[in-house]
Amino acid sequence: MFIRTSRILVAALLLAGCGGVGGSDSDSDENATVTLTMMGFGTGDDIAKTRFDAANAAIAPSAAKASEGSFNAQQFLSAVASKTPPDLVYMERRLLGTYAAKKALVPMKDCVDQEKIDLSQFRPAAVAEATLNGQLYGLPEFYNNRVLMINNTAFADAGLDPASFSTADWPTLKANTAKLFKSKGNKLQRIGFDPKIPEFLPLWARANGAALVSDDGKTAKLTDPKVVEALTFTVGLVNAQGGWAKFKSFRDSFDFFGAKNQFASNQLGAFPMEDFYLNVLAGNSPDVKLTVAPFQGRDGQPVDWITGNAWAIPAGSQHPKQACKWIKTMTDSPTWIAAAKARAATRQKEGKPFSGVFTGNTKADEVIFRDVVKPSGNAGFDTGVKTILTTQEAGVAEPAIAAGEEFKAVWQDAVNRVLEGKQQPAQALAQAQQQAQTVLDQANRGS
Amino acid sequence: MSSRETRAAYGFLSPWIIGFLIFMAGPMVASLVLSLTDYDVLTSTDFVGAANYQQLLADPKVRTSLANTLIYTVLHVPLTMAVSLGLAMLLVRAGRRSAGFFRTVFYLPTITPKVAVGVLFLLLFNGQVGLINEVLGWVGINGPDWTSDGQWIKPGLVVMSAWSLGSTVIIYLAALQDVPRDLYEAAEMDGASPWARFRAVTVPMISGALFFTLIINTISSLQTFDEVYTAFFGSSNQQTYGNDAALFYVIYLFQQAFQFLHMGYASALAWLLFLIIVIITLLQVRLSRRFVYYESE
């Protein structure tokens, strides 16, 4: 019986002998020929492959070896425990705080100084998300904006105008949701408006003038009445559309990344979503009638909660200098521009529109959207890109948190309890506040 | 046995003994030590005494995950044993060729990767568009939201677990084939009904196999992880909607260890599970003395 539990628990010890990432083939001399090891990054598409090749060219005759697969905490911990950390690690920026607080990552200051990296090229919110206690722990890439995506066909069915749809006025939003929603008997036919909770609660909280955590990432603010109000409103939207069980079952049935996606199949009226989904729709259902609008706060101003990824150098990296040079090239504007051109060429061959890539690098964005992205002929996609470009100027990130993963689990559990009808919003968030603050206090002890 | 034979026996056993010491006993001792520490792999290890054990007694998620696991076990084990026995009895009556075919058919799902079973569960049991509710609809039953309604998640998982009962069927089939025919003939001559023959001949004669599968299935149910984790916690997106009704004990243990880096606490969780399994198994062994018949006795 104990085989599995002991295997799980001491995997870090056991995997030390077989789960490492490969040793170095040279010393740490900056000019030596080495093979950089990494975790969390694959070269599965044009954007990744083009940049990967450019970064390798920058450190030739040395080279980095792609790891494939996304970041895996178990694999990373095993490597660190066995003193064979990779030279580079690629992960979501929200995870950086946890590993930085435990000193598993090195601050980027030496790297920035060594390679004279111009940090001003990165969007400030992306840099802020990779910064814990004033120290930068990763070079950011990608800038996932949240915007409203509106299904014009569903709106026409409901007699609504996509151009006037907004999240600013909550009673109106609720009324429009009811008009867009369709069901027959026990079966849902269309979700009118999906607030995308639990995961987008931070967006709704910001729309209501609040945040889940203090700016320094050390104090939970889950019992802020405005957070409670945001949760109450969004859960109300779900409950008005069949309740959580039906709502989620129906949403799970969407062909989200396919040609019969919820927009093409008219199964969804509107939802807030990351900008990458515009590319998904452009690639899979280029004829879909779509409107992209900023997600608005109750004050009518755009609210754009952004996230993304980052490159970091683990403590104990055998080749930190070469690794630094490599990620400098990886996140540099010429590299992004080359990658965008490659993607655009591929899309052109496929006869599909390219709606651009939001890089987190202002210089790259400027050139890509001026010179590389061409009008597709679908007004929805073309104006959508312009909307996102405008909206991203208002982008804000959640601060780096020393126990980011655990903090997120606590508030998401609270939302799930409310969605399942087990607790009221205020009660669930009060419980979560206590748990979250304990988690944050423990993680920040000594930092 | 001579000392030379003894040495030879140990020689042949040594690969297993060495493997056991390194890969089982070693990690067990290590986890026991870790359970008394605050350990996150990345920073120094601090001795905290029994603090982790005190914490788990107060942790509501331990209670939730333990209750989920025990409820699943109580539903899954009898269902698996009953359905498997029924199928095995049908196989015994089938012709030689068709029995071979069906034996293979029943066993095939067992070799399906559990990850695939988890994904299949979500597809088949989707409350709005899944095949299960579609079929229930044909007979006028409005099926529940198996994958998203907390009250129906565990029953759904139990039904799905019947997918992979092939091993138990094979064990029962072997046991049934070993029951002497003359016992049935004698019972029949005495006028015993089919039910009486089943109760008085079949069950006692295969009680050893029943007991074995009871222990094995109970332990394996208490350690359920792969398919449930895949279905409800396998991706970042799924974790977002992680339903407490699907939070099984080993999943919670895994989250504490590798998601939140509380290796010491996770070790304490592992030892609590170990203790629970030992107690349940000892109870089963004790009860077996009254109900299990061995021919050698």
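Residues numbered from 1 in each chain as written. Chains lettered and ligands numbered in written order. Predicted model: local features only at pLDDT ≥ 70, side-chain atom pairs only at ≥ 80, totals over all residues.

## Topic: the overall build of chain B
Where we set the bar: Where helices and strands are cited, they refer to DSSP runs of H or I of at least four residues and of E of at least two residues respectively, numbered from the N terminus. As a rule, residues whose C-beta atom has 12 or fewer other C-beta atoms within 10 Å are exposed, those with 20 or more are buried, and those in between are partly exposed; C-beta atoms are placed from the backbone. A pair of residues counts as a contact when their C-beta atoms, built from backbone coordinates, are within 7 Å of each other.
Looking only at helices and strands, one finds 15 helices and two strands in chain B. Here the C-alpha coordinates of chain B stretch approximately 75 × 70 × 35 Å along the principal axes. Evaluated residue by residue, chain B yields a buried proportion of 34% over its 297 residues. Considering only contacts in chain B between residues 6 or more positions apart, those separated by 24 or more positions represent 69%.

## As for the interface of chain B and chain A
Quick reminder of the rule: Residues are sorted three ways: Asp, Glu, Lys and Arg are charged, Ala, Val, Leu, Ile, Met, Phe, Trp, Tyr, Cys and Pro are nonpolar, and all the rest, Gly among them, are polar.
Each partner contributes to the interface: chain B provides 41 residues, whereas chain A provides 39 residues. Those elements giving two or more residues to the side of chain B that touches chain A turn out to be α1 (3–34), α14 (249–259) and α15 (263–291) of chain B. The element that contributes the greatest number of residues to the side of chain B that touches chain A is α15 of chain B, accounting for seven residues. The residue inventory of the side of chain B that touches chain A, partitioned by class, reads 23 nonpolar, 15 polar and three charged.

## Focus on the sheet that holds strand β12 (residues 290–294) of chain A
Either a parallel or an antiparallel arrangement is found when strands of a sheet pair, and the pairing is made through backbone hydrogen bonds. Residue and element names in this part refer to chain A. Selection rule: Here a strand pair is declared whenever DSSP counts at least two bridges between the two strands. Note on geometry: axes are C-alpha line fits, over the in-contact stretch for helices, and angles between N-to-C directions span 0 to 180 degrees.
Overall, mixed pairing links the five strands, which are arranged β9-β10-β11-β8-β12 in an open sheet. Of all strands in the sheet, those bounded by a partner on one side alone are β9 (182–184) and β12. For this sheet the average axis-to-axis angle between neighbouring strands, irrespective of direction, equals 30°. In terms of strand pairing, strand β8 (residues 146–151) meets strand β11 (residues 268–274) through five bridges, oriented antiparallel. Within β11, the position partnered with arginine 146 by the bridge is glutamate 274. Here helix α17 (residues 379–391) sits on the sheet and contacts β8 and β12; the angle it forms with β12, its principal contact strand, is near 10°.

## Digging into the domain arrangement of chain A
All names here are of chain A. The following threshold applies: All domain edges in this entry derive from an automatic or database-based domain assignment.
Parsing chain A into structural domains produces domain 1 (13–122 + 311–339) and domain 2 (146–305 + 403–444). One C-alpha centre belongs to domain 1, the other to domain 2; they are set 34 Å apart. Contact residues are listed per partner, giving five residues for domain 1 and five residues for domain 2. A breakdown of the residues in the side of domain 1 that touches domain 2 according to their chemical character gives two nonpolar, two polar and one charged.

## Some words on the packing of helix α11 (residues 225–239) of chain A against helix α19 (residues 425–444) of chain A
Residue and element names in this part refer to chain A. Heads up, the condition is: In these notes the angle categories are as follows: under 35 degrees is roughly parallel, over 145 is roughly antiparallel, 65 to 115 is roughly perpendicular, and the rest is oblique. Here a crossing is called left-handed whenever its near helix is offset anticlockwise from the far helix by less than a right angle, and right-handed whenever the offset is clockwise.
Relative to each other, α11 and α19 sit at 130°, their axes nearing to 9 Å. It follows that α11 is oblique to α19 by the angle criterion. Considering only the axes of α11 and α19, their crossing is right-handed. Listed contacts from α19 to Val227, Val228, Leu231, Thr232 and Val235 of α11 are Pro425, Ala426 and Leu429. A class-by-class count of the residues in the contact of α11 with α19 yields seven nonpolar, one polar and no charged.

## What to know about the sheet that holds strand β2 (residues 38–39) of chain A
Residues and elements named next belong to chain A. Strand order in the open sheet formed by four strands is β2-β4-β14-β7, and the pairing between neighbours is mixed. Lying at the two open borders of the sheet, with one neighbouring strand each, are β2 and β7 (139–144). In this sheet, strand β14 (residues 307–312) lies alongside β7 in antiparallel orientation, the contact comprising four bridges. The residue of β14 that forms the bridge with proline 140 is alanine 310. Across the face of the sheet, helix α14 (residues 320–330) comes into contact with β4 (88–92), β7 and β14 while running at roughly 40° to β4.

## Re α1 of chain B
Residues and elements named next belong to chain B. Cut-off, in case you're wondering: The length a helix should cover is 1.5 Å for every residue beyond the first. Note on bend: at a given residue it equals the angle between the axes fitted to the 7 residues ending there and to the 7 starting there.
In a regular helix each residue adds 1.5 Å, so 32 residues correspond to 46 Å; α1 covers only 40 Å between its end C-alpha atoms and thus falls short of that length. The sharpest bend along α1 reaches about 50° and sits at leucine 13, with the proline proline 15 one to four residues further on. Little of α1 is tucked away: three of the 32 residues are buried. Along α1, the residues classified as buried are Pro27, Ser31 and Leu34.

## Side note on the packing of helix α8 (residues 166–177) of chain B against helix α11 (residues 207–222) of chain B
Residue and element names in this part refer to chain B. Taken N-terminus to C-terminus, the directions of α8 and α11 make an angle of 165°; their axes are 10 Å apart at the nearest point. Between α8 and α11, the angle falls in the class roughly antiparallel. Crossing of α8 against α11: the hand is right-handed. Two secondary-structure elements touch here, α8 through Thr168, Ile171, Tyr172 and Ala175 and α11 through Ala209, Phe212, Thr213 and Asn217.

## Side note on helix α3 (residues 46–58) of chain A
Spanning 13 residues, α3 of chain A covers 18 Å between terminal C-alpha atoms, matching the ideal 18 Å at 1.5 Å per step. Where α3 of chain A is concerned, the buried positions are Asp46, Ile47, Thr50, Arg51, Phe52 and Ala55 of chain A.

## Observations concerning the nonpolar core
Note the following rule: Here, a nonpolar core denotes buried Ala, Val, Leu, Ile, Met, Phe, Trp, Tyr and Cys residues that are linked to one another through C-beta atoms within 7 Å.
One finds Leu88, Leu96 and Trp411 of chain A to be the most contacted residues of the largest nonpolar core, which totals 179 residues. Each of domain 1 (13–122 + 311–339) and domain 2 (146–305 + 403–444) of chain A gives at least three residues to this core. When residues no more than four places from it in sequence are discounted, the contact partners of leucine 88 of chain A are Leu36, Met38, Ala64, Trp311, Ile313, Ala323, Trp326 and Ile327 of chain A. Ranked by size, the runner-up nonpolar core spans 15 residues in total, among them Val77, Leu87, Ala88 and Tyr172 of chain B.

## Some words on the confidence of the model for chain B
Note the following rule: A residue's pLDDT is the confidence the predictor assigns to it, expressed on a 0 to 100 scale.
Counting all residues, the mean pLDDT for chain B is 91, and 96% of those residues have values of 70 or more. With pTM at 0.86, the complex prediction returns an ipTM value of 0.83.

## Let's talk about unusual backbone geometry
Residue and element names in this part refer to chain A. With omega at 10°, the peptide bond leading from alanine 60 into proline 61 counts as cis. When you line up the elements, proline 61 lands in the loop between α3 and β3 (63–64). A cis amide bond links isoleucine 197 with the next residue in sequence, proline 198, at an omega value of 10°. Relative to the elements of secondary structure, proline 198 occurs in the loop between β10 (187–193) and α10 (201–207). A positive phi angle, close to 50°, is found at lysine 116, a residue other than glycine. Tracing the backbone through its elements, the reader meets lysine 116 in the loop between α6 (109–115) and α7 (124–129). Residue classification places lysine 116 among the exposed residues on the basis of 7 C-beta atoms within 10 Å. Notably, asparagine 133 is not glycine yet its phi reads approximately 50°, a positive angle.

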